[in-house]
Amino acid sequence: MLLVLGGLSALPAQADVRQFDISIEEVEIEVAPGFKSKVWAYNGQVPGPLLRVAEGDDVEVILTNNTSLNHTIHWHGTFQTNSWRSDGVPNVTQPTVEPGETYTYRFKADKAGSLWYHCHVNVPEHVGLRGMWGPMIVDPAEPLAIEKDVTKEAILMFTGWNSDVADTYGKGGSPGETMDYFSINGKSFPMTQPLRVKKGDVLRLRLFAAGLETAFHLHGHDMLVTHIDGTPIDNPYWVDVVDIPSGGRADVIVRMDNPGMWIAHDHIEQHITNKGVMPGGAAMIIEYEGIGKEDWYVWKDKDYAPDFYLSDSMEKGYGLHNSPVFKGSEIETRKQKKKKKKKKKKQQAQ
Ligand SMILES: [Cu+2]
């Protein structure tokens, strides 16, 4: 038996119920070499854990706030049909979730595609600078033919940082603020990772302009834009740069038919710098299998983290997938920092 929702999609009458626990933790992450930021991290990681459900599933999320300030979760893209109180907007759909409190969100996954979630309290700081964002992928009941051809999935979330306020919770996110670090999945080049593919792969990149507008450019290939903000578009089109407004998403599909080493980066120039120095920021390299690494290759000896673009997590199917690669670390106190500095000086003197 099929249930027709909004006349658009045929959903099974028996929806699965998916229950998840998410906490918010105060930790710090290393964004770029020598630059750490204090964050409020969903399940202690930035990006927050991958949520993967099927269109029509009933989702229940119990949020626990283990931080010193108030937060919520907004489920960006879901329609919240008959569940507006789960939209996550403080003082509009719910009271804010205070330190030590919990709040339960219940909604139907009524929109398919590349969605995301983020805090809706003081968004310019909490989302813009403190890592309060993560991916939610809702598989459509009826995928496009081209979606069925995909052999490899990758999720890239773009945001910026402000080193002036990184150390002080409650500061930053004011209009006119200057960001000086830019990242993919919470890391700036060269701390990003290669995305490894093989010839013949059909690669789906889910691009999220989580914290700022992005002009994503991939060298050596054209990209077929298939979905905007989770919705399949009527006329998919080819690009080599895809513009995504702040908050928006684009899904592109790339036929991996040109073996080599190819950089992919935000084409907004400031976004490929670390505190004004190039190269840095939102850049990564697509590495084809079988291409030898020359001595001069920037990532010749790279410590490889295979799940950095969530390709492995996307293979795991439905559920909430924590990723150790994104885990933050305990915040260093001033005293610890001083001690570390002293030790380093001593070592240098020897
Ligand atoms: Cu928040």
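Residues numbered from 1 in each chain as written. Predicted model: local features only at pLDDT ≥ 70, side-chain atom pairs only at ≥ 80, totals over all residues. Heavy atoms only, no water.

**Comments concerning the sheet that holds strand 7 (residues 74–76)**
- Pairing is mixed across the open sheet formed by 5 strands, whose spatial order is 7-9-10-5-22. Because the sheet does not close on itself, it has two edges, and the strands there are strand 7 and strand 22 (319–321). Each strand of the sheet is rotated relative to its neighbour by a mean of 25°, with strand direction disregarded.
- The pairing of strand 5 (residues 50–54) with strand 10 (residues 133–139) spans 4 bridges and is classified as parallel. In the strand pairing of strand 10, Val 53 is matched with Val 138. (Pairing = 2+ DSSP bridges. Helix = DSSP H or I, 4+ residues; strand = E, 2+ residues; numbered from the N terminus. Axes fitted to C-alpha atoms, helices over the stretch in contact; angles between N-to-C directions.)

**Some points on the environment of Asn 43**
- Assignment of secondary structure puts Asn 43 in the loop between strand 4 (35–42) and strand 5.
- Separated by 207 residues in the primary sequence, Asn 43 and Ala 250 have C-alpha atoms spaced 26 Å apart.
- Residue contacts for Asn 43: discarding those within four places in its chain leaves Asp 21, Ile 22, Ser 23, Glu 25, Pro 49, Leu 320, Asn 322 and Lys 327. (Contact = heavy atoms within 4.5 Å.)

**Considerations on the nonpolar core**
- Leu 156, Leu 205, Phe 216 and Val 242 are the most contacted members of the largest nonpolar core, which has 82 residues in total.
- Top element by residues in this core is strand 3 (residues 17–32). It accounts for 7 residues.
- There are two domains that each give this core at least three residues, and those are domain 1 (2–144 + 324–334) and domain 2 (147–308).
- Residues contacting Leu 205, with those up to four places away along its chain left out, are Ala 154, Leu 156, Leu 195, Phe 216, Ala 250, Asp 251, Val 252 and Val 254. (Core = buried A, V, L, I, M, F, W, Y, C linked by side-chain atoms within 4.5 Å. Buried < 20%, exposed > 50% of the residue type's maximum accessible area, 1.4 Å probe, protein only. Domains from an automatic or database assignment.)

**Examining a positive patch on the surface**
- Taken together, the side chains of Arg 334, Lys 338, Lys 342 and Lys 346 present a region of like positive charge at the surface.
- Considering the arrangement of structural elements, one finds Arg 334 in helix 3 (residues 334–349). (Patch = residues over 30% accessible without salt bridge, like charges linked within 9 Å, V, L, I, M, F, W, Y side chains within 5 Å. Areas by Shrake-Rupley, 256 points an atom, 1.4 Å probe, with all protein chains shown as cover. Salt bridge = Lys/Arg side-chain N within 4 Å of Asp/Glu carboxyl O. Lys, Arg positive; Asp, Glu negative; His and termini not counted. Charge placed at Lys NZ, Arg CZ, Asp CG, Glu CD.)

**What to know about the domain arrangement of the protein chain**
- For the protein chain, the domain assignment lists domain 1 (2–144 + 324–334) and domain 2 (147–308).
- Between the C-alpha centres of domain 1 and domain 2 the distance comes to 21 Å.
- Contact with domain 1, which involves 42 residues of that partner, is made by 43 residues of domain 2.
- Surface buried jointly by domain 1 and domain 2 totals about 3,500 Å² across both partners, of which 64% is contributed by carbon and sulfur atoms.
- On the domain 1 side of the contact with domain 2, Ser 114, Leu 129 and Leu 144 bury the most area, a combined 19% of that side's loss.
- For the pair domain 1 and domain 2, the number of links is 0 salt bridges. (Buried area = accessible area lost by both parts, 1.4 Å probe.)

**Quick look at unusual backbone geometry**
- Here the residue pair Phe 189 and Pro 190 is connected by a cis peptide bond, since its omega of 10° sits within 30 degrees of zero.
- Along the chain, Pro 190 turns up in the loop between strand 12 (181–184) and strand 13 (195–197).
- At the junction of Met 278 and Pro 279, the peptide bond is cis and its omega measures out at -5° in the coordinates.
- By secondary structure assignment, the location of Pro 279 is in the loop between strand 20 (261–266) and strand 21 (283–288).
- You will see that Asn 43, though not glycine, has its phi angle at about 55°, which is positive.
- With a phi close to 50°, Asn 185 is a non-glycine residue in the positive phi region.
- Along the chain, the position of Asn 185 falls in the loop between strand 12 and strand 13.
- For Asn 185, a relative accessible area of 1% puts it in the buried group.

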